Amino acid sequence: MEKIKRLSVRQMLDSFDYGKTFQVMGWVRTKRISKNVAFITLNDGSTLHNLQVVVDVAVFPEDLLNRINTGAGLTVEGTLLESAGSGQRVELAAATITLLGEADPDQYPLQPKKHSLEFLREIAHLRFRTSTFSAVARVRHVMIFAVHKFFTENGFYNIHTPIITASDAEGAGEMFRVTTLDLNKLPVVEDGRIDYSQDFFGRETNLTVSGQLEAELAALALTKVYTFGPTFRAENSNTSRHLAEFWMIEPEVAFADNSDNMDLAEDLLKYVIQYVLDHCGDDLDFLAKRQQEEEMQKKQEERFAMGLLEKLRFVVENQFERITYTQAIDILKNSNYNKKGKFQYTIEGWGADLQSEHERYLVEKQFKKPVILSDYPKKIKAFYMKLNDDGETVRAMDVLFPQIGEVAGGSQREESYEKLLMRMKEMNIPEKQMWWYLDTRRFGSVPHAGFGLGFERFVQFVTGMSNIRDVIPFPRTPKNAEF
RNA sequence: UCCCCGAUAGCUCAGCCGGUUAGAGCGACUGACUGUUAAUCAGUAGGUCCCUGGUUCGAGUCCAGGUCGGGGAGCCA
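Residues numbered from 1 in each chain as written. Chains lettered and ligands numbered in written order. Predicted model: local features only at pLDDT ≥ 70, side-chain atom pairs only at ≥ 80, totals over all residues. Heavy atoms only, no water.

**Structural notes on the overall build of chain A**
Put simply, the rule reads: In this description a helix means any DSSP run of H or I spanning at least four residues, a strand means any run of E spanning at least two, and both kinds are numbered starting from the N terminus. For every residue, the accessible area (1.4 Å probe, protein chains only) is compared with the maximum for its type, and the residue is labelled buried under 20%, exposed over 50%, or partly exposed between those bounds. Only heavy atoms matter for contacts: two residues are in contact if any of them lie within 4.5 Å across the pair. Per-residue accessibility takes into account occlusion by the displayed protein chains alone, with areas from the Shrake-Rupley method and a 1.4 Å probe.
Check the secondary structure of chain A and you find 14 helices and 17 strands. Judged by the C-alpha coordinates and their principal axes, chain A covers about 85 × 60 × 40 Å. Across the 483 residues in chain A, those meeting the buried criterion constitute 50%. Put simply, 68% of the contacts in chain A that link residues at least 6 apart link residues at least 24 apart. Counting only carbon and sulfur atoms, one obtains 50% of the accessible surface of chain A, whose full area is about 24,300 Å².

In structure tokens form, the structure reads like this:
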């Protein structure tokens, strides 16, 4: 006997092979049972949509049908039919049903009803089974693929930079210590300090906060490189935009200046968004509807004017606004918001870092589109950023998006050995430990630039999810490392 | 880390000025129903009112401390 062909739910829904027999496997979303006929809604994650399985109640044992509840895993074989109901084009008339795994309805926490995102976060191991989280997972995957595709098509090489690092000079935040020492019995040297020479690596090590410095080393040989890896920050940040463990995309390009850097960031962001628009229609439609419902819960004045799809198309179709820090300060200082005291922090003058309310004003009120801010005062930026001729500003750039704020930040790097050394001294960076980084400026140093793009923030923007904990499967935040 | 808000049934919430037996909707369960779309209709069960201490004749309700969650800020991506 010929083996029955197995199709995914997606393939089944796309098929026109009416009358043919197929096999499908998936999990029950809902079951509706009446006297003669039962309907089982099946999902396997291959698509947002579900397959309707039609069951002749007389043919199957009552006991089996009773055990098929929301969450159960099934194999169904049957005939593909044009649906007699109006909700779907095709349906599967079941000939055999195998119950692979039961889900006791008294204990299974997912119910055929709307759940809050807060509740689903507590059951993150099961939330993949909801429409929202499966949609986010699929979109996230497509974005990952599009990132690699973009860089590959543009001549970049992907570099795996280390996750464990001995450098604590990346300057991007508090680090997580990596050690194999017995914390209850730490070896100490005479003055009471911990003897790290006995640790696994023979020195202090941490989880990386950025792959940038290593990416620079690679760029100064391979010209165009990027990293796309996990990053760890031990900051006690409790916001909807911060994670202790997140994924960052960090391109680094030799023979490039800060303007090339901005072009690259804009091109990458637009490419990935366009790719998702082209390949995730169903999921985006669902997420758009979800977001719209969420927006309706808010007060009128707090609602975001554009729908999700409208917002994504708008970003793809419009040039990002590019202004310098100095111009931004002027705009903000002369704004009605500032004059009427609507900002919590009034703009007094040049030199202070912008508050997020100021960034949001520029993006959402002034320009109404993504903004790239550049040439910040050197004292609020990192040591490796290239000093401008004015001696006061550096060639930094931040990409600001509506709703999520800073999505990327980067700069042209200081390629002059002398100037870099000077900046390291000014900012108390341990230059001895950074000998390998400084070597790049001693041997064949050339202009180069790069940036870091927070992947989860980007996924937030594309999916419209308002909390970053809902765009990564297992979020790591202060006081939370469950699952 | 700071500011604000919250924690009551499996979920989402109501519970008034402290008062006797703590409620609703959804979900679950049982039954009815000739094709349903998160089906519908009828019924049933389901509670450590977050924890510790305090005030009081009496605390879900008031007070203090804590834990956890949410929103905002800072830090940043």
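**Looking at the sheet that holds strand E16 (residues 405-412)**
Where we set the bar: When DSSP finds at least two bridges between two strands, those strands are taken to pair. Every axis corresponds to a line fitted to the C-alpha atoms, with the helix fit spanning only the stretch in contact, and the corresponding angles, defined between N-to-C directions, vary from 0 to 180 degrees.
Strand order across the open sheet formed by eight strands is E7-E11-E12-E17-E16-E15-E14-E13, with mixed pairing between neighbours. The open sheet has two edge strands, strand E7 (157-158) and strand E13 (321-324), and neither has a second partner. Two strands pair when backbone bridges link them, and E13 and strand E14 (residues 371-377) are joined in this way by four bridges, in the parallel orientation. Looking at E14, one finds that glutamate 321 is bridged to valine 371. Across the face of the sheet, helix H14 (residues 455-463) comes into contact with strand E11 (224-232), strand E12 (245-254), strand E15 (393-401), E16 and strand E17 (448-454) while running at roughly 60° to E17.

**Structural notes on the pattern of salt bridges**
For clarity, the cut-off: A side-chain nitrogen of Lys or Arg and a carboxyl oxygen of Asp or Glu constitute a salt bridge if their distance falls within 4 Å.
Taken as a whole and judged by the stated rule, the model has 22 salt bridges. Several salt bridges converge on common partners, so that one network encompasses Glu216, Glu252, Arg413 and Arg441.

**Observations regarding the protein's contact with RNA strand B**
Note the following rule: One heavy atom within 4 Å of a molecule or strand makes the whole residue count as near it. Counting of polar contacts relies on pairs of N or O atoms within 3.5 Å, with two restrictions inside protein: one atom must be capable of donating a hydrogen and the other of accepting it, and residues adjacent in sequence are counted only when both atoms are side-chain atoms. Under this grouping Gly is polar, as are all residues other than the nonpolar Ala, Val, Leu, Ile, Met, Phe, Trp, Tyr, Cys and Pro and the charged Asp, Glu, Lys and Arg.
In the neighbourhood of RNA strand B, 54 residues make up the surrounding shell, with Lys113, Thr239, His242, Arg360 and Arg457 lying closest. Among all atoms of RNA strand B positioned within 4 Å of the protein, those belonging to sugar or phosphate total 50%. A distance of 2.9 Å separates a phosphate oxygen of RNA strand B from a polar atom in the side chain of serine 116. Broken down by secondary-structure element, the contributors of at least two residues to the surface near RNA strand B are strand E2 (21-33), strand E3 (37-43), helix H3 (117-122), E12, helix H11 (356-366), E16 and E17. The element contributing the most residues to the surface near RNA strand B is E16, with four residues. Among the residues forming the surface near RNA strand B, the class breakdown is 13 nonpolar, 25 polar and 16 charged.

**Some thoughts on the packing of helix H5 (residues 212-222) against helix H13 (residues 435-442)**
For clarity, the threshold we go by: Oblique is the label for every angle not falling under 35 degrees (roughly parallel), over 145 degrees (roughly antiparallel), or within 65 to 115 degrees (roughly perpendicular). For any helix crossing, the convention is left-handed if the near helix is rotated counterclockwise from the far helix by under a right angle, and right-handed if that rotation is clockwise.
Orientation of H5 relative to H13, taken along the N-to-C sense of each, is 30°, at an axis distance of 10 Å. In terms of their interaxial angle, H5 and H13 are classed as roughly parallel. Helix-helix and strand crossings are classified by hand; for H5 and H13 the assignment is left-handed. Together, Gln212, Leu213, Glu214, Glu216, Leu217 and Leu220 of H5 and Trp436, Tyr437, Thr440 and Arg441 of H13 make up the contact between the two elements. Residue composition of the contact of H5 with H13, by class: five nonpolar, two polar and three charged.

**A closer look at the side chain of arginine 140**
In this fold, arginine 140 is placed in helix H4 (residues 131-153). Residue class for arginine 140 comes out buried when judged on its relative accessible area of 10%. A polar atom in the side chain of arginine 140 sits 2.9 Å from the backbone oxygen of valine 471. Not counting chain neighbours up to four residues away, the residues in contact with arginine 140 comprise Trp247, Phe455, Glu456, Val459, Val471 and Ile472.

**Some remarks on helix H7 (residues 281-297)**
What counts, and what does not: Multiplying one less than the number of residues by 1.5 Å gives the expected span of a helix.
A rise of 1.5 Å per residue sets the reference length of H7, with its 17 residues, at 24 Å; its end C-alpha atoms lie 25 Å apart and thus fit the reference within 8%. Among the residues making up H7, those that are buried are Asp283, Leu284, Leu287, Ala288, Arg290, Gln291 and Glu295. As for H7, its buried residues are in contact with H3, H4, helix H6 (258-279), helix H8 (308-317) and H14.

**A closer look at the domain arrangement of chain A**
Convention followed: Those domain boundaries reflect an automatic or database domain assignment. Computed with a 1.4 Å rolling probe, the buried area is the accessible surface lost when two parts are put together, summed over both parts.
Each assigned domain of chain A is listed here: domain 1 (5-101) and domain 2 (129-173 + 209-320 + 369-470). Put simply, the middle of domain 1 and the middle of domain 2, counted by C-alpha atoms, are 44 Å apart. Facing eight residues of domain 1, the contacting portion of domain 2 comprises eight residues. Carbon and sulfur atoms make up 43% of the surface buried where domain 1 meets domain 2, a total of about 610 Å² over both sides. The interface formed by domain 1 and domain 2 holds four residue pairs in polar contact (both at pLDDT 80 or more) in total. Residue classes in the side of domain 1 that touches domain 2 are distributed as two nonpolar, five polar and one charged.

**Quick look at the nonpolar core**
Rules: Throughout this description, the term nonpolar core refers to a set of buried Ala, Val, Leu, Ile, Met, Phe, Trp, Tyr and Cys residues connected via side-chain atoms within 4.5 Å.
Counting residues in each nonpolar core, the largest one holds 65 residues, and the members touching the most others are Val399 and Val462. Valine 399 has contacts with Ala265, Leu269, Phe320, Val371, Ile372, Gly405, Glu406, Val407 and Ala408, leaving out every residue within four places of it along the chain.

**Topic: a nonpolar patch on the surface**
Filter applied, for reference: The patches reported here contain residues having more than 30% relative accessible area and no salt bridge. Joining distances are 9 Å for like charges and 5 Å for nonpolar side chains (Val, Leu, Ile, Met, Phe, Trp, Tyr).
Taken together, the side chains of Ile163, Ile164, Phe200 and Phe201 present a nonpolar region at the surface, about 400 Å² in accessible area. Tracing the chain through its elements places phenylalanine 200 in the loop between strand E9 (177-178) and strand E10 (205-207). Residue classification places phenylalanine 200 among the exposed positions, given a relative accessible area of 59%.

**Side note on the sheet that holds E9**
Taking strand neighbours across the sheet as the criterion, the three strands line up as E8-E10-E9 in an open arrangement whose pairing is antiparallel. Both edges of this open sheet fall to strand E8 (164-165) and E9, since each of them pairs with a single strand only. Sheet analysis places E8 next to E10, joined by two bridges and oriented antiparallel. Its bridge partner being in E10, threonine 165 is matched across the sheet by asparagine 206.

**Points about unusual backbone geometry**
Note: most peptide bonds trans; most residues except glycine with negative phi. Residue threonine 223 is not a glycine yet carries a positive backbone phi of 70°. Mapped onto the fold, threonine 223 is located in the loop between H5 and E11. Positive phi values are uncommon outside glycine, yet phenylalanine 483 reaches one of about 70°. Assignment of secondary structure puts phenylalanine 483 in the segment after H14. What makes phenylalanine 483 partly exposed here is its relative accessible area of 39%.

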